[in-house]
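Listed below are the residues making up each chain.
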Amino acid sequence: MMHLPELIQDLGFILITAAMVTLIFKKLNQPVVLGYLIAGFLVSSHVPYFPNVKDVASIKIWAEIGIIVLLFGLGLEFSFKKLAQTGRSATITAIFEVIFMLVSGFIFGQIMGWNQIDSLYLGGILSISSTAIIIRAFDELGLKSQKFVSLVFGVLIVEDIVAILLLVLLSTVAISRELSGQELIFSGFRLGFFLILWFIVGIYMLPTIMRKIKKYLNNETMLIVSLGLCLAMVSIATFAGFSPALGAFVMGSILAETTEGPRIEKILHPIKDLFAAVFFVSVGMMIDPAILQQYAWQIVLITLITIAGKVLSTSVGALISGVSFRHSVQAGMSLAQIGEFSFIIATLGLTLKVTSDFLYPIAVSVSAITTFATPYLIRNSDRLQNFLRHKLPENFFMRVEKYQTAFVAEQSEAGLVKILWRAYGWKTLINGVLVFAIILAGVLLRPRFGDYISFAIVCFLSIPFYWAMCFSQPSKFLTETELIRLHRLDIGVFIGRNILGFLFALYAVSSFMTLNSWQGLVSFAALTLLVFFGSTSQVFYQKIETKFMNNLVYESPTRKPKLAPWDASLATFTINPNSKYVGLTLLDSKIKETYNVTVALVERGESKHLAPDRGLILMPFDKLYLIGIDEQVHKLGIELETSAYKDGESTTESYKLRSVRVTISSPFVNKTIRESSIREKTSGLIVGIERNGEHIISPDSSMEILVDDILWIVGDYDKINRLRS
């Protein structure tokens, strides 16, 4: 009789059990991840009346491969462009929520008498929400068109990168076995340095290599190449002292920036599903009923802390970032669960043998309970915010609305710090990292080539990047107004950049020879002269930068235009050629009268009609920007589903939402909106009026404008500013 390895039997058994359980969960409309967890519990040694997995050690290795493939897939879905597009609100909300939950988890662990490492890992486990569960819930509830959903997705994108940082920092704590602030700060800087370096080198090299071998890349070879690159980066990350998961995520995010990213993501999808199933089943195998029974009340308390803490922290973070009260509460109720990243953090603690045995099953139990609760929380978010509106004092909401009005009105104004960062900051950071990496590489070469040759190699390789730090032109993505403001700071910027270059030059020379020797002084002077008179370096750097930007398939970071005030949302629809609206004027379409929704902008090819005349005839493939309350836009979306399809977001930077306060000397006091000629003066329209604390969305053109009204106008940014002045 032939012998079949136990691993093959175990894998077959695991997959059959997982398939049966997940089919049942599909039938019950429950998340598949929970099915995997239960399947893992059934095949574990804790269920005596069910066949068990025999080769547990090999399954754990497969689970580690599952984490790598899962993180590689998440990296492919993640994109640095997406991170740039999440906006200020999502970033502020995510950071506030993560810090709040990290601290809350740590404090609760300390109150329970746990050690510092267990408490810190509990905080990390509770910090990250589940992308897969939230997306599934939104799909099932049909909420993807609502305004708060874009905020939730932005928060999830930021949480992805924060989770990777947590993995590295928690690994550092595990190695040192203590909470050292200095060690954490050093690890954070080290992580940032390697992330930027890997990203720059990867984006510069990989797309070029992919283009050269593209004709040989069918789906099979593309899968082999991408997985090979993934495992190579895993090895590099491990050699550099980071976790394998970080390397997989980094390679996925680098490939996501290339033209082949979507293709790789599609090819990898079934592989990722297979290994994700093995990983989640292995998670379920570690659920110990005895531990669950022993820590039952802690599980209940941690579940309550997770739900209440995430609802509170996300809502408060969103309010701080200028989001309306209603949308803040909706986002908080949507993010009140933990999921796949929490399992990975818990697995890290077990793998490094730094956390107690009880922490893992507690994390799994809390995840299961909060996953079940997620759809009900989302469904009742409006009910909660209505309840809070009745219970909280009116003065609170007046303050919130006043803060939100000020925040929204000012966030379009770029401060000098923001302009300086866009002009020189990112470029200085990238080139500084490259110079530092070249110096470190030269130090490693010293034993082989000696001080002088190693220093000469460093100078030769780093001079183009020195020149870019000190003398390169500002970013081409600045507006004319921003360039004028930047020009006023020329002297200060020139001095600051050259001081930074001077410090880098000192560090480079001191890494190879003493500065108080004649060799050090001559080397420093030579390096300085080469940078100042390096016209050849300028040409070489510009070629490098152009190639990097082309490989990145770079587009100026675009966001959905902020054209809708308060709780109103902006939705974009493209008219199908067979739509019943084709050939009708805006007046005849009766969109405003039927749904109380304003058509703010019509894009037709290269032309854009802001505040379109009601006589404008709608044509096939016109893109309509609609402003209205979530429910109104949603109803119109349902009506248009058979005749128009939702299209991707686009923007035009010249159109902004701005507020104008009406004073007693304003020329349009006591005039109707139509008589005020604001449409003609701003190439825009009034989409909202704030009057005595009341918000009037999509006001009728016959409404009179009164003193102290705050008019919210969507129109040409410069024209509205002239109107305000």
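Residues numbered from 1 in each chain as written. Predicted model: local features only at pLDDT ≥ 70, side-chain atom pairs only at ≥ 80, totals over all residues. Heavy atoms only, no water.

In terms of helices and strands, the chain carries 31 helices and 9 strands. Counting over 725 residues, the chain shows a buried share of 51%. Of the contacts formed within the chain by residues at least 6 apart in sequence, a portion of 80% connects residues at least 24 apart. Per element, the accessible surface of the chain, about 34,500 Å² overall, is 65% carbon and sulfur. (Helix = DSSP H or I, 4+ residues; strand = E, 2+ residues; numbered from the N terminus. Buried < 20%, exposed > 50% of the residue type's maximum accessible area, 1.4 Å probe, protein only. Contact = heavy atoms within 4.5 Å. Areas by Shrake-Rupley, 256 points an atom, 1.4 Å probe, with all protein chains shown as cover.)

A separate point is the pairing of strand 9 (residues 710-716). Counting buried positions over the 7 residues of strand 9 gives 7, a clear majority of the element. Where strand 6 (residues 655-661) lies against strand 9, 7 bridges are found, and the strand directions are antiparallel. If you follow Ser659 over to strand 9, its bridge partner there is Trp712. Two elements, strand 7 (residues 685-691) and strand 9, share 5 bridges in a ladder whose sense is antiparallel. (Pairing = 2+ DSSP bridges.)

Our next topic: the side chain of Thr585. Relative to the helices and strands, Thr585 resides in the loop between strand 1 (568-575) and helix 26 (586-589). Not counting chain neighbours up to four residues away, the residues in contact with Thr585 comprise Arg614, Gly615, Leu616 and Ile617.

In this section: the nonpolar core. Formed by 142 residues in total, the largest nonpolar core has its most connected members in Leu71, Phe279 and Phe341. Sorting elements by how many residues they give to this core places helix 8 (residues 147-176) first, with 15 residues. Of all hydrophobic cores here, the second largest spans 14 residues; its members include Ile575, Tyr595, Val597 and Leu626. (Core = buried A, V, L, I, M, F, W, Y, C linked by side-chain atoms within 4.5 Å.)

Let us now look at the packing of helix 10 (residues 219-239) against helix 11 (residues 244-256). Two numbers describe how helix 10 lies on helix 11: the axes approach to 7 Å, and their chain directions differ by 135°. Judged by the inter-axis angle, helix 10 sits oblique to helix 11. Judged by the twist between their axes, the crossing of helix 10 over helix 11 is right-handed. On the side of helix 10, the interface is formed by Ser226, Leu229, Cys230, Met233, Val234, Ala237 and Thr238, while helix 11 contributes Pro244, Gly247, Ala248, Val250, Met251 and Leu255. (Axes fitted to C-alpha atoms, helices over the stretch in contact; angles between N-to-C directions. Parallel < 35°, antiparallel > 145°, perpendicular 65-115°, else oblique. Left-handed = near helix turned anticlockwise from the far one by under 90°.)

Here we come to unusual backbone geometry. Backbone geometry follows two general trends: most residues other than glycine have a negative phi, and most peptide bonds adopt the trans configuration. A positive phi angle is found at Asn670, which is not glycine, with a value near 65°. You can see Asn670 is positioned in the loop between strand 6 and helix 29 (673-676). Within the chain, Asp708 stands out as a residue other than glycine whose phi angle is a positive 75°. Turning to its location among the elements, Asp708 is positioned in the loop between strand 8 (694-697) and strand 9.

This part takes up the sheet that holds strand 7. Pairing within the open sheet is antiparallel, and its 4 strands lie in the order 6-9-7-8. The sheet terminates laterally at strand 6 and strand 8, the two strands that pair on one side only. Going from strand to strand, the sheet's axes swing by 20° on average, the running direction of each strand aside.

To continue, consider the packing of helix 14 (residues 296-320) against helix 17 (residues 359-379). Axis separation between helix 14 and helix 17 bottoms out at 9 Å; the angle between their running directions is 45°. One way to sum up the angle between helix 14 and helix 17 is to call them oblique. In the crossing of helix 14 with helix 17, the sense of the turn from one axis to the other is right-handed. In this structure, helix 14 uses Ile299, Ile302, Thr303, Thr306 and Ile307 to contact helix 17, whose residues at the interface are Ile362, Ser365, Val366, Ile369, Thr370 and Leu377. Its residues placed into classes, the contact of helix 14 with helix 17 shows 7 nonpolar, 4 polar and no charged. (Nonpolar A, V, L, I, M, F, W, Y, C, P; charged D, E, K, R; others polar.)

A grouping of Ile491, Phe494, Ile495, Ile499, Phe502 and Leu503 is seen on the molecular surface, where their side chains present a nonpolar patch of about 600 Å² in accessible area. Take Leu503: it is sitting in helix 23 (residues 490-510). (Patch = residues over 30% accessible without salt bridge, like charges linked within 9 Å, V, L, I, M, F, W, Y side chains within 5 Å. Salt bridge = Lys/Arg side-chain N within 4 Å of Asp/Glu carboxyl O.)

Once that is clear, we can look at the environment of Val69. Relative to the helices and strands, Val69 resides in helix 3 (residues 56-77). Relative accessible area serves as the criterion here: at 7%, Val69 is assigned to the buried category. For the pair Val69 and Asp273, spaced 204 residues apart in sequence, the C-alpha separation works out to 9.1 Å. If we ignore the near neighbours within four places in the chain, the residues touching Val69 are Ile271, Lys272 and Phe275.

Before going further, it helps to spend a moment on the packing of aromatic side chains. On inspection of all chains with the given rule, the structure shows 11 aromatic pairs. With 5.2 Å between their ring centres and 85° between their planes, Phe193 and Phe436 make a pair best called edge-to-face. With Phe193 in helix 9 (residues 181-213) and Phe436 in helix 20 (residues 416-449), the pair connects residues that are 243 residues apart, well separated along the chain. A residue is classified by how much of its surface remains accessible, and Phe193, at 13% relative accessible area, is buried. Seen from their ring centres, Phe279 and Phe280 are 5.2 Å apart, and the 55° between their planes marks the pair as tilted. The exposure class of Phe279 is buried, given its relative accessible area of 1%. (Phe/Tyr/Trp six-rings, centres within 6.5 Å; stacked < 30°, edge-to-face > 60°.)

This brings us to the confidence of the model for the chain. Overall, the prediction assigns the chain a mean pLDDT of 78, with 86% of residues at 70 or greater. Put simply, strand 5 (residues 644-646) is where the chain has its lowest mean pLDDT, 41, and helix 14 is where it has its highest, 91. Low pLDDT, under 50, characterises residues 554-560; the stretch is placed with 16 contacts to residues that sit more than four places away or in other chains. Taken together, the stretch residues 643-653 has pLDDT below 50 and engages in 29 contacts with residues farther than four places along the chain or on a different chain. (pLDDT = per-residue confidence, 0-100.)

On to the environment of Leu388, then. By the element assignment, Leu388 lies in helix 18 (residues 381-391). Spatially, the C-alpha atoms of Leu388 and Arg326 are 9.9 Å apart, while their sequence positions differ by 62 residues.

Below, the discussion takes up the side chain of Thr22. Take Thr22: it is sitting in helix 1 (residues 6-27). Residue classification places Thr22 among the buried positions, given a relative accessible area of 12%. At a separation of 3.0 Å, a polar atom in the side chain of Thr22 contacts the main-chain carbonyl oxygen of Ala19. Not counting residues up to four positions away in its chain, the partners in contact with Thr22 are Val32, Gly35 and Tyr36. (Polar contact = N/O pair within 3.5 Å; in protein donor to acceptor, adjacent residues only side chain to side chain.)

Scanning the model with the defined rule gives 4 salt bridges in all. A salt bridge links Asp622 to Arg604; the shortest N-O distance between them is 2.7 Å. In this pair, Asp622 is assigned in the loop between strand 3 (607-610) and strand 4 (623-629) and Arg604 in strand 2 (residues 598-604), connecting sequence segments 18 residues apart. When its relative accessible area of 1% is taken as the criterion, Asp622 is described as buried.

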